[in-house]
Amino acid sequence: MRKHLISYVDNHAEMYAQVWSDKVALNIGEKKDVVKEISEIASSAQSAVAAEYRGLTVQELSALRSNARDLGVYVKVIKNSLARIAIKDTSFECMDSSLKGPLIFAFSKEDLGSAAKLVNDFKKDNKLLKPVVVAVNGELVDVAKISQIAALPNKDQAISMLMAVMKLPIEKFARTLSAPNVKLVQTLTAYKNKLEQN
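Computed from a prediction, not measured in an experiment: that's the story for all the values here. Residue positions are given per chain, counting from 1 as you read along its sequence in written order. It should be noted that, the model being predicted, local features are given only for residues of pLDDT at least 70 and side-chain atom pairs only at 80 or more, the latter also being counted only at that level, while totals for whole chains, interfaces and linings use all residues. Hydrogens and water molecules were not included; the side-chain quantities draw on all heavy atoms of the structure.

**Things to note about helix H4 (residues 80–87)**
Line of reasoning, step 1. Any residue under 20% of the maximum accessible area for its type is buried, any over 50% is exposed, and the rest in between are partly exposed; the area is computed with a 1.4 Å probe on protein chains only. Only DSSP runs of H or I covering at least 4 residues are called helices, and only runs of E covering at least 2 are called strands; the numbering of each starts at the N terminus. Every buried residue of H4 is listed here: Asn80, Leu82, Ala83, Ala86 and Ile87. Take H4 and look down its axis: the buried residues cluster within an arc of 155 degrees, on one side only.
Line of reasoning, step 2. Residue contacts follow a heavy-atom distance rule, with two residues in contact if any of their heavy atoms lie within 4.5 Å. Among the structural elements, helix H2 (28–44) and strand S3 (103–108) are those in contact with the buried residues of H4.
Line of reasoning, step 3. Asp89, located one to two residues past H4, shows a positive phi value of around 65 degrees. This arc is taken over the directions from the axis of the helix to the C-beta atoms.

Pasting the structure below:
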């Protein structure tokens, strides 16, 4: 039994350390570092979601973090008092009054809808993750609209959509320019066929 317990702890030590590092009391220097880190992320982020994570297991939080890395989303569990200091003078200061309870913060670093997509997709299988606050470009958004924000195209998708829209007028213009030539060829072919019949 003891060997099994030691083996289990060794195999899961890194995962527990990552989750519990957010829960252990920080000294003043560490708090300043956390506030500075979050403030830097928030100052360049596109959007943010704060979600209540009470009841999620260590494995579920690790899966959430893994999904966040894949989507380019910065995720952090931080005390609300430190979060308020960190988001002060950023476009996410509007979230301040809504920060209540144990929250995990997700900031979209590249794509506007990434943080919303992360939380929205994850909460489908994990009902204990509940979005509390959503902010986009300095404005609070109704939490009920998180699925709409999550559906926004990422940068690559938006570029391909724009290119498709830009391509249509050019194709139409090319068809318009070639239309007189096609009509001329058709007229000459019809005239030739008529001469051959006579």
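**Concerning the pairing of strand S1 (residues 47–52)**
The side chains of a regular strand alternate between the sheet's two faces.
Line of reasoning, step 1. Within S1, six of the six residues are buried, leaving the element largely enclosed by the surrounding structure.
Line of reasoning, step 2. Here S1 shows a buried face lined by Ser47, Val49 and Ala51 and a second buried face lined by Ala48, Ala50 and Glu52.
Line of reasoning, step 3. Following DSSP output, two strands are said to pair if at least two bridges run between them. Relative to strand S4 (residues 130–136), S1 runs antiparallel, the two sharing six bridges. Considered in S4, the bridge of Glu52 is made with Lys130.

**Quick look at unusual backbone geometry**
Line of reasoning, step 1. For Asp89, which is not glycine, the phi dihedral falls at a positive 65 degrees.
Line of reasoning, step 2. Assignment of secondary structure puts Asp89 in the loop between H4 and S3.
Line of reasoning, step 3. The exposure class of Asp89 is exposed, given its relative accessible area of 66%.
Line of reasoning, step 4. Phi is positive for Asn137, which is not a glycine, with a value near 50 degrees.
Line of reasoning, step 5. In this fold, Asn137 is placed in the loop between S4 and strand S5 (139–141).
Line of reasoning, step 6. Judged by relative accessible area, Asn137 falls into the exposed class, the value being 53%.

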